[in-house]
2 protein chains.
Amino acid sequence: MNYAKRIDKLQAILRRQKVDALLVSQPENRRYLSGYTGGDHGIGETSGLLLIPARGRVHLLTDFRYRLQAEQDVPWATVLLYPKGLLKLLPQLLPDLGISSLAFESHYTLHATAARLGELLGKAGIATVPLKGVVEKMRLIKDDDEIACIRRSVALNEEVFQEIFPAIRPGQTEIETALAIEAAMRLKGAEGPSFPSIIASAERSALPHAVPSAMQIAKDRPLTVDMGLILDGYCSDMTRTFVPGKADAKFLELHRLVRRAQLAGMRAIRAGVRASKVDRAARAVIADAGYGQAFGHALGHGVGLAVHEDPRLSALNNKQLRAGMVVTVEPGVYLPGWGGIRLENMVVVREDGCENLNTDSTWLDV
Amino acid sequence: MNYAKRIDKLQAILRRQKVDALLVSQPENRRYLSGYTGGDHGIGETSGLLLIPARGRVHLLTDFRYRLQAEQDVPWATVLLYPKGLLKLLPQLLPDLGISSLAFESHYTLHATAARLGELLGKAGIATVPLKGVVEKMRLIKDDDEIACIRRSVALNEEVFQEIFPAIRPGQTEIETALAIEAAMRLKGAEGPSFPSIIASAERSALPHAVPSAMQIAKDRPLTVDMGLILDGYCSDMTRTFVPGKADAKFLELHRLVRRAQLAGMRAIRAGVRASKVDRAARAVIADAGYGQAFGHALGHGVGLAVHEDPRLSALNNKQLRAGMVVTVEPGVYLPGWGGIRLENMVVVREDGCENLNTDSTWLDV
């Protein structure tokens, strides 16, 4: 990854915003800008923050537990430890670096932390400036290195699915299936799942966000498997719905409908088209068949270092797609009491269309 | 759980603080006050918030995905949905409820959210008041229902350990061992691990927070297993260090030392004693043997709905322990290049001593 280029770009933004530095606390932003792989345990327990000055050398601030990892991952930055916490270090460090205005990520800083920071730095004559979404905006367009990573993540996710798929049998529980999938991910080298796998059988497949239960997978009923993993920091996300046993006519009809909607969505994608228009293209197929009310969520979302990121493919997002964005296309039909069908692939937005990253065709065209 | 009693107590606090209501966003606080089991995906994707007025009925604010679960878990509250987000709902709802000052949890609210909330409610003539740690303070002392839950969580965690222990063999990788443990937890009914299991063999056991690797477990070398689970919302946390194969004299000597330090810490615990004094009691045993530098972390931490909560048993915490607190006692000795030994039990602070919640004695007194 070309971290130097990303840092240069961000530093130019900071100079335009007339702040002396940005403190990066958001974990995916931190990884995007530096490659640091430290993992946080929630917002309260960080493995470190980047201090990016508008000019000059980047600092990675962390504690003794992460020192080795920080120095290995980001040899081109200055690693500094805060044995008594970040709020003790900054009032000493910033004046030494000539920083008199510090921006922070207001969408990933706790109110109490920001208040205390403002107070402590204020005493030292340093202004604090809330900024929102600056690095996220940079992350919208994936460069070739990132697309290569996402491609590998998608491929490994499919490999896991294809390994587990033949072993999925009625009688096995949803939880057992989820555990088998997540174990295979980690044994094949993934950092872990990119979200808790969804394994939803029969009428439970009508819940778009079902948590795997102790229920046994039902014979001849729909089974939704929605799974993704993280490989080298980058996420994948794929959904297949199929029938262990014999599919009935209704399933086949609805499955074809959802697949047609997905293909219509994919055909609508190209640089310059509004996200809402892509959502509409897929939704129209389902609505025309009389199932509009049964498709209650947006068509897709961006994927990268985070499994859910911008852009959203939704009726509410009128922004234009741009080449290099990576999004899911995942229409669904959910019928309470009967079950649901969702199909999800990931694609790269290109100037003249989209590139489908998924090659798995299990139960796709039936 | 007696939620009514907890709500009464919190409402009395709010009246003393002269605020009309508290918005509870912190997930464990939300569960403590209501029993709501909805799970968040990080601070950016909440499954709902409690609105606790200083007088009157509690509201649970959530979105359509969690409606059913909210109504099932908290039938005594009014469940309200925010189809267009919390920030749209509150300016309409609060005037109807006669709320003109709203406290929020400043330690679990993003700066950007707090700023926007202040702006929107300000226009409606409603003041926003940052509060910190109010519910956490209530959670410090566990009542009998909570201690019963923690006891079951500890017992199930030991059951998982004892099931997996005989199968731990040299040659198996750290990751495989972690996966076996976490699968057993979920199959036995746990909600999941309370933290990512630590399985660290040989010199890797010198890292207190080692992430399981693809390294094979080494014969005749120390192996640290630090694991915990969540059952009915309550966490457990236990560490054992043992040798697959034959332990040498150095291991046995250091293992006895760490165990002696643990027992000294447990003997020092009773209501009224300062946390720092308990830490010192255990640390002195290790320091007297010449290994003071090799024990670089605090002796223990509180456990409850969160796996790491107050009180900390550390040199820096001079507060007195109180009956009903639940803490870990986990001294360790870490020697880079050789390995480490840590032993961890959980205890309840009682008036006249402490009650050890662990019964597992694997490799404890060797």
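Note that the structure is a prediction, hence the values are computed from the model and not measured.

### Brief notes about the overall build of chain A
- Scanning chain A for helices and strands turns up 10 helices and 19 strands.
- Its C-alpha radius of gyration of 23 Å places chain A within 12% of the 21 Å reference for a compact globule of 366 residues.
- A burial count over chain A gives 45% of its 366 residues as buried.
- Relative to all contacts within chain A whose residues are 6 or more apart in sequence, the contacts with residues 24 or more apart total 67%.

### Topic: the environment of Gly-337 of chain A
- Mapped onto the fold, Gly-337 of chain A is located in the loop between β16 (332-335) and β17 (339-342).
- Sequence separation between Gly-337 of chain A and His-297 of chain A is 40 residues; the distance between their C-alpha atoms is 18 Å.

### Some points on the relation of the copies chain A and chain B
- Of the transformation superimposing chain A on chain B, the axial component is 0.0 Å and the angular component is 180°, with the fit at an RMSD of 0.0 Å. In symmetry terms, the pair is related by a two-fold rotation axis.
- When the interface residues of chain A are mapped onto chain B, 100% of them are again interface residues, pointing to one common binding face.

### Digging into the sheet that holds strand β8 (residues 198-201) of chain A
All names here are of chain A.
- The strand order across the open sheet formed by three strands is β8-β9-β12, and the pairing between neighbours is antiparallel. Strand pairing shows two members of the sheet lacking a second neighbour, β8 and β12 (238-242), which therefore form its edges. Each strand of the sheet is rotated relative to its neighbour by a mean of 10°, with strand direction disregarded.
- Two elements, β8 and strand β9 (residues 223-227), share four bridges in a ladder whose sense is antiparallel. Directly across from Ala-200, in β9, lies its bridge partner Thr-224.

### A look at the interface of chain A and chain B
- Of the residues lining the interface, 19 residues belong to chain A; the matching set on chain B comes to 19 residues.
- Listing elements by their share of the side of chain A that touches chain B, those giving two or more residues are α5 (111-123) and α8 (174-187) of chain A.
- Partitioning the side of chain A that touches chain B into residue classes produces 11 nonpolar, five polar and three charged.

### Looking at the pairing of strand β19 (residues 353-356) of chain A
Residue and element names in this part refer to chain A.
- The pairing of strand β18 (residues 345-350) with β19 spans four bridges and is classified as antiparallel. Following the sheet pairing, Val-348 is matched in β19 by Glu-355.
- Adjacent in sequence and paired antiparallel, β18 and β19 are bridged by two residues.

### Some words on the domain arrangement of chain A
Residue and element names in this part refer to chain A.
- Under the domain assignment, chain A is made up of domain 1 (3-139) and domain 2 (144-356).
- A straight line from the C-alpha centre of domain 1 to that of domain 2 covers 35 Å.
- Across the contact, five residues belong to domain 1 and six residues belong to domain 2.
- Every element with two or more residues in the side of domain 1 that touches domain 2 is listed here: α2 (27-34) and α6 (134-139).
- Of the residues forming the side of domain 1 that touches domain 2, the biggest block, three residues, is contributed by α2.

### Points about the sheet that holds strand β11 (residues 234-235) of chain A
- Across the sheet, three strands lie side by side as β7-β10-β11 (chain A); this open sheet has antiparallel pairing. The sheet is open, and its two borders are formed by β7 (192-193) and β11 of chain A, each paired with just one other strand.

### Remarks on helix α1 (residues 3-17) of chain A
- An ideal rise of 1.5 Å per residue puts 21 Å on 15 residues; α1 of chain A measures up with 21 Å between its terminal C-alpha atoms.
- In the segment just after α1 of chain A, Lys-18 of chain A is the residue with positive phi, at about 60°.

### Some remarks on the nonpolar core
- Counting 197 residues, the largest nonpolar core has Ala-21 and Ile-52 of chain A together with Ala-21 and Ile-52 of chain B as its most contacted members.
- Each residue touching Ile-52 of chain A, except ones within four places of it in the same chain, is listed here: Ile-7, Leu-10, Gln-11, Leu-14, Ala-21, Leu-22, Val-24, Leu-33 and Val-58 of chain A.

### Looking at the environment of Gln-320 of chain B
Residues and elements named next belong to chain B.
- Within the element layout of this structure, Gln-320 appears in the loop between β14 (309-313) and β15 (326-329).
- Gln-320 gets classed as partly exposed once you count the C-beta atoms within 10 Å, which come to 15.
- For the pair formed by Gln-320 and Arg-260, sequence separation is 60 residues and the distance between their alpha carbons is 23 Å.

### Things to note about the environment of Ser-106 of chain A
- Relative to the helices and strands, Ser-106 of chain A resides in the loop between β5 (101-105) and α5.
- Given 21 C-beta atoms within 10 Å, Ser-106 of chain A falls into the buried group.
- With 94 residues separating them along the chain, Ser-106 of chain A and Ala-200 of chain A place their C-alpha atoms 37 Å apart.
- When residues no more than four places from it in sequence are discounted, the contact partners of Ser-106 of chain A are Pro-130, Leu-131 and Lys-132 of chain A together with His-111, Ala-112 and Ala-115 of chain B.

### A short note on helix α2 (residues 27-34) of chain B
Residues and elements named next belong to chain B.
- Counting buried residues along α2, seven of its eight residues qualify, which places the element largely inside the surrounding structure.
- By the burial criterion, the buried members of α2 are Pro-27, Asn-29, Arg-30, Arg-31, Tyr-32, Leu-33 and Ser-34.
- Immediately downstream of α2, the backbone of Gly-35 shows phi near 80°, a positive value.

### Things to note about the packing of α1 of chain A against α2 of chain A
All names here are of chain A.
- At a minimum axis separation of 7 Å, α1 and α2 run at an interaxial angle of 115°. Here Tyr-3, Arg-6, Ile-7 and Leu-10 of α1 come into contact with α2, specifically with Tyr-32, Leu-33 and Ser-34.
- Taken together, the residues of the contact of α1 with α2 break down into five nonpolar, one polar and one charged.

Calculation rules
- Residues numbered from 1 in each chain as written.
- Chains lettered and ligands numbered in written order.
- Predicted model: local features only at pLDDT ≥ 70, side-chain atom pairs only at ≥ 80, totals over all residues.
- Helix = DSSP H or I, 4+ residues; strand = E, 2+ residues; numbered from the N terminus.
- Rg over C-alpha atoms; globule rule 2.2 N^0.38 Å.
- Buried ≥ 20, exposed ≤ 12 C-beta atoms within 10 Å, placed from the backbone.
- Contact = placed C-beta atoms within 7 Å.
- Least-squares fit on C-alpha atoms with pLDDT ≥ 70 in both.
- Pairing = 2+ DSSP bridges.
- Axes fitted to C-alpha atoms, helices over the stretch in contact; angles between N-to-C directions.
- Nonpolar A, V, L, I, M, F, W, Y, C, P; charged D, E, K, R; others polar.
- Domains from an automatic or database assignment.
- Expected span 1.5 Å × (residues − 1).
- Core = buried A, V, L, I, M, F, W, Y, C linked by C-beta atoms within 7 Å.

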